[in-house]
Amino acid sequence: MSDVADVAVELVLRSTRVITPEGTRAASVAVAAGKIVAVLPHGAEVPAGARLEDFGDDVLLPGLVDTHVHVNDPGRTEWEGFWTATRAAAAGGITTILDMPLNSLPPTTTVDNLRVKQEVARRKAHVDVGFWGGALPDNVKDLRPLHDAGVFGFKCFLSPSGVDEFPHLDQEQLAASLAEITGFGGLMIVHAEDPHHLDAAPVVPGPKYADFLASRPRDAENTAIGNLIAQAKRLGARVHVLHLSSSDALPLIAAARAEGVRITVESCPHYLTLTAEEVPDGASEFKCCPPIRESANQDLLWDALADGTIDCIVSDHSPSTADLKTADFSTAWGGISSLQLGLPAVWTEARRRGRTLEDVVRWMSEAPARLAGLAQKGAIEAGRDADFAVLAPEETFTVDPAELHHRNQVTAYAGKTLHGVVRSTWLRGVQIADHGTPHEPTGLLLERQN
């Protein structure tokens, strides 16, 4: 390893399949002081004093970056908490999460509230944790201080959020918040459903998924995204569409990009791997907003991943206690718990559709890291953090909710057989999970760098 002769290499990770920005190859990855110092040939000599971890044919990929996680801590810790959420992340090959600003009490809408949340997370984080701020109708004055305090951007809702302490923005309020955020070069991330379309849609109480699906029409997403594009274009704002479900909005997004609008888009494992046709009546573990739509819609989402219209895949892990997942879709809590299962769920469907693990890494590690400005994350190359997941992509397992580490073992994936077993997860060169068992917390709190 002559390239690293001047560095005290502590660890060498070796595999016949290492996913790098240049492609997949047999390689040895040299690590020192928590950083990747070189990616070298597979058979390179191991420096004296360095420990070798040889993973054989298991795939070494960069740790996943999940920029959409509702941890709910403090305040609703019976739903989820930093200890349980980050354990689930570590077990699933995720090494960095960004926490959403709502469902915790207090929400992350002032610097003081951010400090409360950071203090809680500091003692419990098994993976690295960063924070989004929140944009509310009455907190425009708090946005710049939050930005200066290191939040990665600001989340808003364009329709009711489901919790009273996080009200949504109307179009005038959205314009005011966007103007403020654009003034200091920030990012607005948006739950885009139009409240007028939702108010006009039929709400039929009961267990039928078809009734719930009709209550969250595609037009609600399409209209909200169209309005967001218009505001972003007028103000020169940088915006990101959260959890895209409606494929009808894809042409709007592609056209906006072609015109130079600074818009990025994510979707989630549940929209890409589950379909409305398979949701049993009364099974509100499948309920989320916007909803899981039909298989034909899903095909178009995959096409948009392939052509780059959708940038990334993140979990939107939004858990609750089991009692809130009632059989009545109109009143059950809307949110899907998938933090530990995102990688195998997406890989299972990706391989079925002829996509590669390199694609999955681009969507679930590289692109989310780029969205958040996490230049030290998202790739196996010299200078990045030594964050890795080791995956056996050909192996399968059947999802047993009792084996999940998030707080409430409620999941839409129960009983599904998935490809891709996470053997181990590594954070800055330290193993943080081994065969599904997380170790002690070593995660750091992250702040925006750009």
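Residues numbered from 1 in each chain as written. Predicted model: local features only at pLDDT ≥ 70, side-chain atom pairs only at ≥ 80, totals over all residues. Heavy atoms only, no water.

## Notes on the packing of helix α7 (residues 218-235) against helix α8 (residues 250-258)
Item 1. Contact geometry of α7 with α8 gives a least axis separation of 10 Å together with a crossing angle of 10 degrees. By the angle between their directions, the pair α7 and α8 is classed as roughly parallel. Packed against α7, whose contacting residues are N222, I225, G226 and I229, the element α8 presents L252, I253 and A256 at the interface. (Axes fitted to C-alpha atoms, helices over the stretch in contact; angles between N-to-C directions. Helix = DSSP H or I, 4+ residues; strand = E, 2+ residues; numbered from the N terminus. Parallel < 35°, antiparallel > 145°, perpendicular 65-115°, else oblique. Contact = heavy atoms within 4.5 Å.)

## Re the packing of helix α4 (residues 171-183) against α7
Item 1. Here α4 crosses α7 at 40 degrees, and the two axes come no closer than 10 Å. Taken together, the axes of α4 and α7 lie oblique to each other. Considering how the two elements wind past one another, α4 and α7 form a crossing that is right-handed. In contact with Q171, L174, A175, L178, A179 and T182 of α4, α7 contributes N227, L228, Q231, A232, R234 and L235.
Item 2. Per-class residue counts for the contact of α4 with α7 are 7 nonpolar, 4 polar and 1 charged. (Left-handed = near helix turned anticlockwise from the far one by under 90°. Nonpolar A, V, L, I, M, F, W, Y, C, P; charged D, E, K, R; others polar.)

## Considerations on the sheet that holds strand β8 (residues 128-131)
Item 1. Pairing within the open sheet is parallel, and its 3 strands lie in the order β6-β7-β8. In the strand order of this sheet, the two ends are held by β6 (64-69) and β8, each with one partner. Sheet twist, expressed as the mean angle between neighbouring strand axes with direction ignored, is 20 degrees.
Item 2. The sheet contact formed by β6 and strand β7 (residues 94-99) spans 4 bridges and is parallel. When the sheet's bridge partners are listed, D66 is paired in β7 with I97. (Pairing = 2+ DSSP bridges.)

## Describing the pattern of salt bridges
Close approach of charged atoms lets side chains of opposite charge pair.
Item 1. Evaluated as defined, the whole model comprises 30 salt bridges.
Item 2. We note a salt bridge from E119 to R122, for which the minimum N-O separation is 3.5 Å. Here R122 and E119 lie together in helix α2 (residues 111-122), a separation of 3 residues that amounts to about one turn.
Item 3. For R122, a relative accessible area of 48% translates into the label partly exposed.
Item 4. Put simply, R257 and D311 hold a salt bridge, and the shortest N to O gap is 2.4 Å. Highlighted residues: R257 in helix α8 and D311 in the loop between α10 (295-307) and β14 (312-313), separated in sequence by 54 residues.
Item 5. The class of R257 is partly exposed, set by a relative accessible area of 25%.
Item 6. Here the salt bridges share partners, and the residues they tie into one network are K35, D128, K377, D385, D387 and R428. (Salt bridge = Lys/Arg side-chain N within 4 Å of Asp/Glu carboxyl O. Buried < 20%, exposed > 50% of the residue type's maximum accessible area, 1.4 Å probe, protein only.)

## What about the packing of aromatic side chains?
Item 1. Under the criterion given, the structure shown has 9 aromatic pairs.
Item 2. With a centroid separation of 6.0 Å and 65 degrees between ring planes, the pair formed by F154 and F184 is classed as edge-to-face. Placement of the pair is F154 in strand β10 (residues 154-157) and F184 in the loop between α4 and β11 (187-191), with a sequence separation of 30 residues. For the pair shown, F154 and F184 are each scored as buried.
Item 3. A centroid spacing of 5.3 Å and a plane angle of 70 degrees characterise the contact between Y209 and F329, whose relative ring orientation is edge-to-face. Of this pair, Y209 sits in helix α6 (residues 209-215) while F329 sits in the loop between β14 and α11 (342-352); the two residues are 120 residues apart in sequence, bridging distant segments of the chain.
Item 4. The class for Y209 is buried, based on a relative accessible area of 2%.
Item 5. Put simply, the rings of Y209, F212 and F329 pair up and form one aromatic cluster.
Item 6. Over the aromatic face of W79 sits the side chain of R76, whose NZ or CZ is 5.4 Å from the ring centroid. (Phe/Tyr/Trp six-rings, centres within 6.5 Å; stacked < 30°, edge-to-face > 60°. Lys NZ or Arg CZ within 6 Å of the ring centre and 35° of its normal.)

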